[in-house]
Amino acid sequence: MADPQTALITNDAVVLGLLAIILGFIFKTSNSQRPGLVAFYKYVPALLLCYFLPSLLNTFGIVDGSQSSVYYVASRYLLPACLILLTISIDLKAIINLGPKALIMFLTGTAGIVIGGPLAILIMSAVYPEAVGGHGPDAVWRGMTTIAGSWIGGGANQASMKEMFEVGGDIFSAMVTVDVIVANLWMAVLLLMAANHKAIDAKAGADTTAIEDLKQRVEKYHAEHARMPTLNDYMMIIAIAFGITGLAHFCADILGPFFANNYAWAKEYSLNSKFFWLIVISTTIGISLSFTRVRHIEAFGSSKVASAFLYILVASIGLHMNVMAIFDSPMYFVIGAIWMLTHASLMLIVAKLIKAPLFYMAVGSQANVGGAASAPVVAAAFHPSLAPVGVLLAVLGYGVGTYMAYICGLMMQAVAP
């Protein structure tokens, strides 16, 4: 990864400007009618480029993603504002009508990660035992518990595992790299699959009726209520989005420390995390407002504003990825690849058995592996109206993340050489 001392650009205003130019370039070219560009974007999703091109800035030392505050700002300010605007327009009844398959696929994804960690250790123990050895705080299995926390819940759950299993700094930094690279490569695969979901679902014989019904209901609402937005409309959207984001931050600043200081068990469920409360409060208020007249802000484009925030977040996530890091500690990446392959294989097998649409598989997986920051991104790759489904499943991931990662950690400790 780029050294903060040698990174070419260290000013975050310049970094944000570069990300904005990259996003503008991608959107301009992806909507072009030139035959070459049409052919290119037929196979390469625009969303994938929004995420991959910024990673090149980090990989080649132009920007140091770990030192930049752009992701922090995007995840703490734009993400909750985005979730609020997306959930305000949610059709909760239609989402409930999606049925139990979405939840089944989410829980299958969790099970795949819990099983995958110990399985990766067992396989590597037989092939290359040194890769899964180590003693004390820097034992490999300890470092892997932080990946389990991240892949079932998110950053808060990852931090919980680091404390609970007393993970050493060296192995933790190595596992963070594995976590980011492997998870982001899997997200890239999901985005590629999302671009071809109709053909995949048709081949699998999956029933997509409920998903299509939800999309049609959203499109019908737009057709009946949409109008040309005015400056007043945009100011209302901004006021609602950032007003509630401010309220969510205010409450999170109280609730996180309160649970951390008064309840020892709170960190097991991420209740000590301000970010957890930020996401839960933003989402809850957004869903509550979806039953009121406030939901009519969707008629003048609230979800488009939310999507703009979401794409800035995607670009800032990409800024943390270093595609060359895989060569620094290849054995750890082999472990991560086996682990993710176990998760993916179980997801695909169960999806085939219950004939679940690809959407459920992809969002159920990303709600585990990526959490609230990227599950709506994958969901929106299928259709913008489906983004709230990713949000709701990701919040569930926060709830079970620490508990299931802890079980995974104990299993990895048991099988570690």
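As recorded in an unreviewed UniProt entry, the chain goes by DUF819 domain-containing protein and comes from Pseudoalteromonas haloplanktis.

Enquirer: Quick question: what am I supposed to make of the overall build of the chain here?
Expert: Along its length, the chain carries 18 helices and 0 strands. Over its C-alpha trace the chain gives a radius of gyration of 21 Å, about what one expects of a compact globule, namely 22 Å for 417 residues. Dimensions of the chain, computed from the C-alpha atoms along their principal axes, are close to 65 × 55 × 50 Å. Burial statistics for the chain: of 417 residues in total, 52% are counted as buried. For the chain, contacts bridging at least 24 residues in sequence account for 83% of all contacts bridging at least 6.

Enquirer: Please explain a nonpolar patch on the surface as it appears in this structure.
Expert: A cluster of nonpolar side chains, Ile115, Leu119, Leu122, Ile123, Val127, Tyr128, Met331 and Val334, forms an exposed patch at the surface whose accessible area comes to about 650 Å². Listed by contribution, the elements that provide at least two residues to the nonpolar patch are helix H6 (101–127) and helix H15 (330–354). Counting residues per element, the nonpolar patch draws most heavily on H6, at 5 residues. By the secondary structure assignment, Leu119 is in helix H6.

Enquirer: Would you mind going over helix H4 (residues 70–88) with me for this structure?
Expert: Counting along an α-helix, one turn takes 3.6 residues, and residues three or four places apart therefore face a common direction. The end-to-end C-alpha separation of H4 is 26 Å, in line with the 27 Å expected for 19 residues at 1.5 Å each. Maximum bend of H4: about 35°, positioned at Leu78, with proline Pro80 one to four residues after it.

Enquirer: Please explain the side chain of Ser68 as it appears in this structure.
Expert: Within the fold, Ser68 resides in the loop between helix H3 (46–59) and H4. Every residue in contact with Ser68, bar those within four places of it in the chain, is listed here: Asp12, Val15 and Leu319.

Enquirer: Looking at this model, I keep getting lost on the side chain of Asn368. Mind explaining?
Expert: Topologically, Asn368 is positioned in helix H16 (residues 358–369). A polar contact of 2.9 Å, which involves the side chain of Asn368, links it to the backbone oxygen of Phe106. If we ignore the near neighbours within four places in the chain, the residues touching Asn368 are Phe106, Gly109, Thr110, Ile113, Ser150, Trp151, Ile152 and Gly153.

Enquirer: I'm lost on the packing of helix H1 (residues 12–30) against helix H14 (residues 302–318) in this one. Help?
Expert: Geometry of a packed helix pair, given as the angle between the helix axes and the separation of the axes. At their nearest, the axes of H1 and H14 sit 10 Å apart, and the two run at 115° to each other. When the interaxial angle is binned, H1 and H14 end up roughly perpendicular. Considering the relative orientation of H1 and H14, their crossing is right-handed. Between H1 and H14, the residues in contact are Leu16, Leu19, Leu23 and Phe27 and Tyr311, Ile312, Ala315 and Ser316, respectively. Grouping the constituent residues of the contact of H1 with H14 by class yields 7 nonpolar, 1 polar and no charged.

What counts and how
- Residues numbered from 1 in each chain as written.
- Predicted model: local features only at pLDDT ≥ 70, side-chain atom pairs only at ≥ 80, totals over all residues.
- Heavy atoms only, no water.
- Helix = DSSP H or I, 4+ residues; strand = E, 2+ residues; numbered from the N terminus.
- Rg over C-alpha atoms; globule rule 2.2 N^0.38 Å.
- Buried < 20%, exposed > 50% of the residue type's maximum accessible area, 1.4 Å probe, protein only.
- Contact = heavy atoms within 4.5 Å.
- Patch = residues over 30% accessible without salt bridge, like charges linked within 9 Å, V, L, I, M, F, W, Y side chains within 5 Å.
- Areas by Shrake-Rupley, 256 points an atom, 1.4 Å probe, with all protein chains shown as cover.
- Salt bridge = Lys/Arg side-chain N within 4 Å of Asp/Glu carboxyl O.
- Expected span 1.5 Å × (residues − 1).
- Bend = angle between axes of the 7 residues up to and from the residue.
- Polar contact = N/O pair within 3.5 Å; in protein donor to acceptor, adjacent residues only side chain to side chain.
- Axes fitted to C-alpha atoms, helices over the stretch in contact; angles between N-to-C directions.
- Parallel < 35°, antiparallel > 145°, perpendicular 65-115°, else oblique.
- Left-handed = near helix turned anticlockwise from the far one by under 90°.
- Nonpolar A, V, L, I, M, F, W, Y, C, P; charged D, E, K, R; others polar.

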